[in-house]
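Results of the structural survey
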Number of protein chains: 2
Amino acid sequence: MKIENIDVSSYPNSRKKYVSGKLHPIKVAMREISQYPTVKIENGKRVEYPNDPVTVYDTSGPYTDPAITVDINRGLPRIRESWVEERNDTELLDDITSEYGRVRRNMPELDAIRFPMMHRPRVAKEGKRVTQMHYAKKGIITPEMEYVAIRENLDNEARGIKSHITPEFVRDEIAAGRAIISANINHPEAEPMIIGKAFAVKLNTNIGNSALSSGIEEEVAKAVWSCYWGGDTLMDLSTGDNIHETREWIIRNCPVPVGTVPIYQALEKVNGDVKKLTWEIYRDTLIEQCEQGVDYFTIHAGVLREHAALVAERLTGCVSRGGSIMTQWCVEHDCESFLYTHFDEICEILNKYDVAVSLGDGMRPGSIHDANDRAQFLELEVLGELTEKAWQHDVQVLIEGPGHVPMHKIKANMEKQADVCHEAPFYTLGPLTTDIAPAYDHITSAIGAAIISDLGTAMICYVTPKEHLSLPDLNDVREGVIAYKIAAHAADLAKGFPGAQVRDDALSKARYDFRWKDQFNLSLDPEKAKHYYLDSRRNAPDADDRFCTMCGPNFCAMRISQSITDKCGE
Amino acid sequence: MKIENIDVSSYPNSRKKYVSGKLHPIKVAMREISQYPTVKIENGKRVEYPNDPVTVYDTSGPYTDPAITVDINRGLPRIRESWVEERNDTELLDDITSEYGRVRRNMPELDAIRFPMMHRPRVAKEGKRVTQMHYAKKGIITPEMEYVAIRENLDNEARGIKSHITPEFVRDEIAAGRAIISANINHPEAEPMIIGKAFAVKLNTNIGNSALSSGIEEEVAKAVWSCYWGGDTLMDLSTGDNIHETREWIIRNCPVPVGTVPIYQALEKVNGDVKKLTWEIYRDTLIEQCEQGVDYFTIHAGVLREHAALVAERLTGCVSRGGSIMTQWCVEHDCESFLYTHFDEICEILNKYDVAVSLGDGMRPGSIHDANDRAQFLELEVLGELTEKAWQHDVQVLIEGPGHVPMHKIKANMEKQADVCHEAPFYTLGPLTTDIAPAYDHITSAIGAAIISDLGTAMICYVTPKEHLSLPDLNDVREGVIAYKIAAHAADLAKGFPGAQVRDDALSKARYDFRWKDQFNLSLDPEKAKHYYLDSRRNAPDADDRFCTMCGPNFCAMRISQSITDKCGE
């Protein structure tokens, strides 16, 4: 298998940079963008003033490191494997535990689509918990914690920018449940990253096939593509064919944490018949995915039997797939959700692999009309109760949030979540600030995502232009990621996150200097920026003209402005 | 001349509707979108429940009225001509006043590109002021005021939705300067609209050629296209060839108010040599454009000689074209700006045609770094002083705002503007909430625009994906308008604007009912929504499937949700 049609091998004028740890022998990957000098004419002579390179957060993994040749048939280097081993609290299993997984593995007709390498699954030794929260509560700073502390700071130290982020701070935030490092011991290919309101805002992308679409190669390409453009985590929401095999390919080749919604696959195992779902099938699915290396599970354990009646009060009912499945199950069986009643058992599975739980908002509003209603907020209270329970098991927790929310109701979401869920990181889908723009919901939701991130949401789940209409293709993934990079970065600026403004300042200086190439290279999408620029310069394709392409050569505000500055003296 | 390549003749499942005035014999244009019935199966029988049509604000003018055949060589029907005549305070001139205009008219080489009809210009009779503010202060409710009162309310009355908007309220807001109806007596083709924080948020689009681009036909097409998608006003920012003729074509065919920045043309008249600009040339340009029918002028009269030194303190200097021109002029001549020293005279010209002044923010920040700095806020204080002066002349006022502003500094902009400019309507460009996303600045700025509109900004100036890189083409205009319709509508929802949620609720109900066609038709861009949907349904192109195209047929949250509702009883 090959990744075709996309180039994820490099960014323009950039080099991969590795910063070494001080506590642990780790190398933290970053991207450094070099710049051209500023050119001035002084006393008739051309003088060059150098511009410092700019270091940016890099989610692309080994794909952009020319020293590493990635073969997706072998998967990425397993950078965390030795860290996990050295903790000496895990063991390798001889075989996979899940019955379903073993059946799939032994089906010869799947040979052609099965990931060709087999790694033995790892699990905590009897009686051990192996979560980052567990270590943090014990006062331990793991390599993962140091990694994210360095990663968040970029080159703040070299620039003399003060930062609150230290390995100790990371540990304390994780111990308190205010941040998580989602890092399954069976996904050692992923580079550690942190999700919490004291850190840079992160963004998740959703990919995955459905019965209407698409093949494994396409999904792997989307995953790598998502990382290339800046996705911090990735959810595989496949509901179509070969979910197990697709996921294996994705995880082995994904440098960021991977999440899933296990109920989707559980439902596939009973051929879509909700009534036939059982705890046992679900449990087997959890273990199957824990051993594959899924880093976090969305679990809709807050949807209770008693909430079902509230669905009828809404304009758009229950729009969460997991939420609607569990509600239907509760109604069909007229009993409490097995996700709720077995929640302790779930946590005891998760803490053996360090899989985080992302408590799903099964009652998220699917329309402006339903925002902040009873169904939504009652469920949120249950999520708060489950958060405390998960923490007792040292399981790391995210709380999922809406959905469709008008701007004036966003703040109440954040405040209520922080209050009832004890500041567990909030992870929201948008929210979309209006319902009336299908085909542009990356924009309706980027508005909401920026606002809620500024208020304290730790991770935002992207929405692509195809939301409500279709599954995203490669271009939609890119559009969605960039829209959400914008929202996340706008929030980082508004929060005064240490060093966030470095890139803005550098890009703006490049713009004012007419260093067009630097302007492109420092931007979130250098290729598109350059393309738009050159397109307007068809007749004079030199990308270093000393005027702005909006005004034209005769009429440039920035050039006039520079002549004023020269005149008035700097 | 013809408008080619674009179809602006109709919206799907929509009809043009005219609502009659009660005080004046006016017909207010709106768009009514019809819906399909909701289909349910009850006791094995198919039952249809009708869905009310939805009335939406319509900026497209006569182009979408099948009863009117628009010939752009003749211009649009002059609906306000009789209203103006009946006030009996204006007179027709035998010839145009501007010397430059007369010279252009008499150049045979321009015959081929000149708009073929000549309307005699109208001006206030000696000693009269003919502005909407003048009438409002006298307690008069003009047809324009009643028009906008009806227009803002859509079908609120029929729906029993309470609204604060009455003709009297409109009059009082205009008298107080908190709102404007920008309606030059020489642009009777335009349908009246109101800009003010108590009304629906409006959006402006910028078009216009530069030395690098484009012809008259293309600019007229962009203007009509902008109105079709929802632009409320339009600025012609041409700086290239044939500015005068291009503008005539645009105004005669534009159903929304048209704004310009007269200093651009004045500068063209002196071949781009800023030093040669004079008050006399500028004055002649104002009158030329007043008589053509420009509805509002951006005038950078707040840029003072003393501000020039502040430009050097900035990262990106002065990025406003008008601001940089005037700053340079002040520095070159070492004297105060003629726009400032002649401001009373300017107002006395404007109130003879009812041209509104949009006080330009020549010192708007061009980067996150420069937001809310001294240069910006000192100028804003001057704009406050000029606002009071303009109001003394009964000239209607807008205040232009930034620019690039991080989210946490947006509120200060709105508050300071409202304070020092006495609640004159604020009209902002975005603001862009980060600098790092050229090619996506419609999104960076839609975030800022939504936030500042919610806080009270009355009109937002769109930014297209090409901002900073090139001039927008037709597709960019569409993308920019939709992004800003989203921002404006999100703010209307957040402000609780009467009736704003009707469209959201209708679209969401259609979505939940699987009435796909209604979902598209009610959306801001029916064509694109439908296209994305059908693209995913290549193999089964029926747009009324009872499942969502994201989940696929086996796995639909909304269908499950409906079955739950059926089970639990509604």
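Structure report, in brief. The structure displayed is predicted, hence computed values, not measured ones.

Digging into the overall build of chain A
Helix and strand counts for chain A stand at 22 helices and 17 strands. For a compact globule of 570 residues, the expected C-alpha radius of gyration is about 25 Å, and chain A comes in at 24 Å, within 12% of that figure. Taking the principal axes of the C-alpha coordinates as reference, chain A spans close to 85 × 50 × 50 Å. A buried classification covers 67% of the 570 residues belonging to chain A. When contacts within chain A are restricted to residue pairs at least 6 apart in sequence, long-range pairs at least 24 apart make up 75% of them. Within the structure as shown, chain A displays about 19100 Å² of accessible surface, and the carbon and sulfur contribution to it stands at 48%. Measuring between centres, the 65 positive side-chain charges of chain A sit 5 Å from its 86 negative side-chain charges.

Focus on the sheet that holds strand β2 (residues 27–33) of chain A
Residue and element names in this part refer to chain A. Reading across from one edge, β1-β2-β5 is the order of the 3 strands in this open sheet, with antiparallel pairing throughout. Where the open sheet ends on each side, the last strands, each with one partner, are β1 (14–20) and β5 (54–56). Strand-to-strand, the axes of this sheet are offset by a mean angle of 40 degrees, without reference to chain direction. Across 7 bridges, β1 lies against β2 in antiparallel orientation. By the bridge assignment for β2, valine 19 is matched with valine 28.

Remarks on helix α4 (residues 143–153) of chain B
Residues and elements named next belong to chain B. Among the 11 residues of α4, 11 are classified as buried, and the element is accordingly described as predominantly covered. For α4, every residue scored as buried is listed here: Pro143, Glu144, Met145, Glu146, Tyr147, Val148, Ala149, Ile150, Arg151, Glu152 and Asn153. Among the residues trailing α4, leucine 154 stands out with phi positive, at a value near 50 degrees.

Notes on the interface of chain B and chain A
The interface of chain B with chain A comprises 106 residues on the first partner and 107 residues on the second. In this structure, the connection of chain B to chain A is made through 0 salt bridges. Where chain B packs against chain A, one counts 14 residue pairs in polar contact (both at pLDDT 80 or more). Per-element accounting of the side of chain B that touches chain A gives the leading share, 11 residues, to helix α18 (residues 474–495) of chain B. Broken down by class, the residue content of the side of chain B that touches chain A amounts to 55 nonpolar, 32 polar and 19 charged.

Side note on the nonpolar core
Counting 333 residues, the largest nonpolar core has Val170, Leu277, Tyr282 and Leu350 of chain A together with Val170, Leu277 and Tyr282 of chain B as its most contacted members. When neighbours within four sequence positions are excluded, leucine 277 of chain A is seen to be in contact with Ile263, Ala266, Leu267, Val270, Ile325, Trp329 and Phe338 of chain A.

Here we look at the pairing of strand β14 (residues 356–359) of chain A
Residues and elements named next belong to chain A. Every second residue of β14 is oriented toward a common face, with Ala356 and Ser358 on one face and Val357 and Leu359 on the other, all of them buried. Bridge count between strand β13 (residues 296–299) and β14: 4 bridges; the pairing is parallel. If you follow threonine 298 over to β14, its bridge partner there is serine 358. In the sheet, β14 pairs with strand β15 (residues 397–401) via 3 bridges, with the strands oriented parallel. Each residue of the ladder has a partner; that of serine 358, found in β15, is leucine 398. Once the chain exits β14 it traverses helix α15 (residues 374–392) before rejoining the sheet at β15, and the crossover so formed is right-handed.

Brief notes about the side chain of glutamate 191 of chain A
Residues and elements named next belong to chain A. Inspection of the secondary structure puts glutamate 191 in the loop between β8 (179–180) and β9 (195–196). We classify glutamate 191 as buried; its relative accessible area is 8%. Excluding anything up to four places from it in sequence, glutamate 191 contacts Ala29, Asp58, Gly61, Pro62, Ile79, Tyr147, Arg151 and Pro255.

Description of the pairing of strand β11 (residues 233–236) of chain A
All names here are of chain A. Burial along β11 is two-sided: Thr233 and Met235 facing one way and Leu234 and Asp236 facing the other are all buried. As defined by bridge partners, β11 adjoins strand β12 (residues 258–260) across 2 bridges and the pair is classed as parallel. Paired with methionine 235 across the two strands is glycine 259, which belongs to β12. A crossover links β11 with its parallel partner β12, the connecting element being helix α8 (residues 243–252), and its sense is right-handed.

Some words on unusual backbone geometry
A cis amide bond links glycine 430 of chain A with the next residue in sequence, proline 431 of chain A, at an omega value of 10 degrees. As for its placement among the helices and strands, proline 431 of chain A is situated in the loop between β16 (426–429) and α17 (441–455). Across the junction of proline 402 of chain B and glycine 403 of chain B, the peptide omega takes the value 15 degrees, indicating a cis bond. Residue placement: glycine 403 of chain B occurs in the loop between β15 (397–401) and α16 (410–420). Positive phi, normally seen in glycine, also occurs at aspartate 334 of chain B, with a value near 45 degrees. When you line up the elements, aspartate 334 of chain B lands in the loop between α12 (321–333) and α13 (338–341). Among the residues examined, aspartate 334 of chain B registers a relative accessible area of 53% and is labelled exposed.

Conventions we followed
- Position labels on residues start from 1 in each chain and follow its written sequence.
- All chains are assigned letters beginning at A, and all ligands numbers beginning at 1, according to the order in which they are written.
- For this predicted model, a pLDDT threshold of at least 70 governs which residues receive local features, and a threshold of 80 or more governs which side-chain atom pairs are given and counted, while totals over whole chains, interfaces and linings are taken from all residues.
- Only hydrogens and water are set aside; all other atoms, that is, all heavy atoms of the structure, feed into the side-chain values.
- Numbered from the N terminus, helices here are DSSP runs of H or I no shorter than four residues, and strands are runs of E no shorter than two.
- Here the globule rule reads 2.2 Å times residues to the power 0.38, and the radius of gyration is calculated from C-alpha atoms.
- Remark: exposure states derive from per-residue accessible area (1.4 Å probe, protein chains only) relative to the maximum for the residue type, with buried under 20%, exposed over 50%, and partly exposed in between.
- Should any heavy atoms of two residues lie within 4.5 Å, those residues are considered in contact.
- In short, Shrake-Rupley with a 1.4 Å probe defines the accessible areas, and a residue's cover is counted only from the protein chains shown.
- A positive count includes Lys and Arg, and a negative count includes Asp and Glu. His and the chain ends are not counted in either.
- Here the site of a charge means NZ on Lys, CZ on Arg, CG on Asp, or CD on Glu.
- Strand pairing is assigned whenever DSSP identifies at least 2 bridges connecting the two strands.
- Here the axes come from fitting lines to C-alpha atoms, over the contacting stretch only for helices, and the angles between their N-to-C directions go from 0 to 180 degrees.
- Salt bridge, as used here, is a side-chain nitrogen of Lys or Arg placed within 4 Å of a carboxyl oxygen of Asp or Glu.
- Any N or O atom pair separated by 3.5 Å or less is treated as a polar contact, with the protein-specific requirement of one donor-capable and one acceptor-capable atom, and with residues adjacent in sequence counted only for side-chain atom pairs.
- Under the convention adopted here, Pro, Cys and the residues Ala, Val, Leu, Ile, Met, Phe, Trp and Tyr are nonpolar, Asp, Glu, Lys and Arg are charged, and Gly plus all remaining residues are polar.
- Throughout this description, the term nonpolar core refers to a set of buried Ala, Val, Leu, Ile, Met, Phe, Trp, Tyr and Cys residues connected via side-chain atoms within 4.5 Å.
- Here is how to tell: hold the view so the strands point away, follow the path from the first strand over the helix to the second, and if it runs clockwise the crossover is right-handed.

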